[in-house]
Each structure stands twice: as C-alpha cells, then as structure tokens.
Amino acid sequence: DSNILIKNIRILPKLSNTQRGIACLLGTIFEGESPSINKIAETANMDYRTVKNSIKALEKIGVIDYGL
C-alpha cells in the first residue's frame, strides 16, 4: 500500500493541473485516508464539482480507486 504519487510517478506530467493537485493532496495531506469530496474541496479551496470531476478522471485513468 504505497503512496499514490510514487505508484503513478510516470503519469503525473500527463495530468491536468487540477488532477495533479488533487493527487498531490491525496498523496501527502490525506495519505492513507479516504476523505470526503467536500473535505478535499475545502482543503484545496476548490469547487466541489471540480474536485468530483477530477476524482472521476483520476479513477478512469487508474491513478486512484475512490469508489464514485
């Protein structure tokens, strides 16, 4: 159960800035946790819908398994 940033280091340059920011938050601030989308949005100071769309995109790429 390694850090998502380490596991996906090669794909990070291909992500959008928003996706990369959320991946970094999940890999550093929330490492080992499953925070709610609201908590991620609040911490990142982003809109809930933006965070939700980015998480869906990260799931589709295979970076995270969030369960949306």
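Scroll up to find the structure this text is about.
All of the points below concern the structure found in this document. On a predicted model such as this, the values are computed, not experimentally measured, just so you know. Residue positions are given per chain, counting from 1 as you read along its sequence in written order. Predicted model: local features are reported for residues with pLDDT of at least 70 only, side-chain atom pairs are reported and counted for 80 or more only, and whole-chain, interface and lining totals are derived from all residues. The basis for the side-chain values is all heavy atoms of the structure; hydrogens and waters are excluded.

### A closer look at the environment of Lys 52
Starting at the N terminus, helices and strands are each numbered in turn, a helix being any DSSP run of H or I of at least four residues and a strand any DSSP run of E of at least two. Here Lys 52 lies in helix α4 (residues 48–61). In sequence terms Lys 52 and Ile 37 are 15 residues apart; their C-alpha atoms lie 6.5 Å from each other.

### Describing the side chain of Asn 8
Mapped onto the elements of the fold, Asn 8 is located in the loop between α1 (4–7) and α2 (17–27). Buried residues are those whose accessible area, probed at 1.4 Å on protein chains only, stays under 20% of the maximum for their type, while exposed residues exceed 50% and partly exposed ones sit between those limits. Exposure remark for Asn 8: the relative accessible area of 14% places this residue in the buried category. At a separation of 2.9 Å, a polar atom in the side chain of Asn 8 contacts the main-chain carbonyl oxygen of Ile 4. At 3.3 Å, the side chain of Asn 8 forms a polar contact with the backbone oxygen of Val 63. Any pair of nitrogen or oxygen atoms within 3.5 Å is treated as a polar contact; in protein, a donor-acceptor pairing is required on top of that, and neighbouring residues in sequence qualify only through side-chain atoms on both sides.

### Describing the nonpolar core
Grouped together as the largest cluster of nonpolar side chains are 17 residues, with contacts concentrated most on Ile 22, Leu 26, Ile 40, Val 51, Ile 55, Leu 58 and Ile 64. Broken down by secondary-structure element, the contributors of at least two residues to this core are α1, α2, α3 (37–44) and α4. For this core, the element with the most residues is α2, which contributes four residues. Residue contacts are defined here by distance: any two heavy atoms, one from each residue, within 4.5 Å place the two residues in contact. Not counting residues up to four positions away in its chain, the partners in contact with Leu 58 are Leu 15, Gln 19, Ile 22, Ala 23, Val 63 and Ile 64. The term nonpolar core refers to a set of buried residues drawn from Ala, Val, Leu, Ile, Met, Phe, Trp, Tyr and Cys, joined through side-chain atoms within 4.5 Å.

Everything listed here is a matter of coordinates, which is why it stays silent on function.
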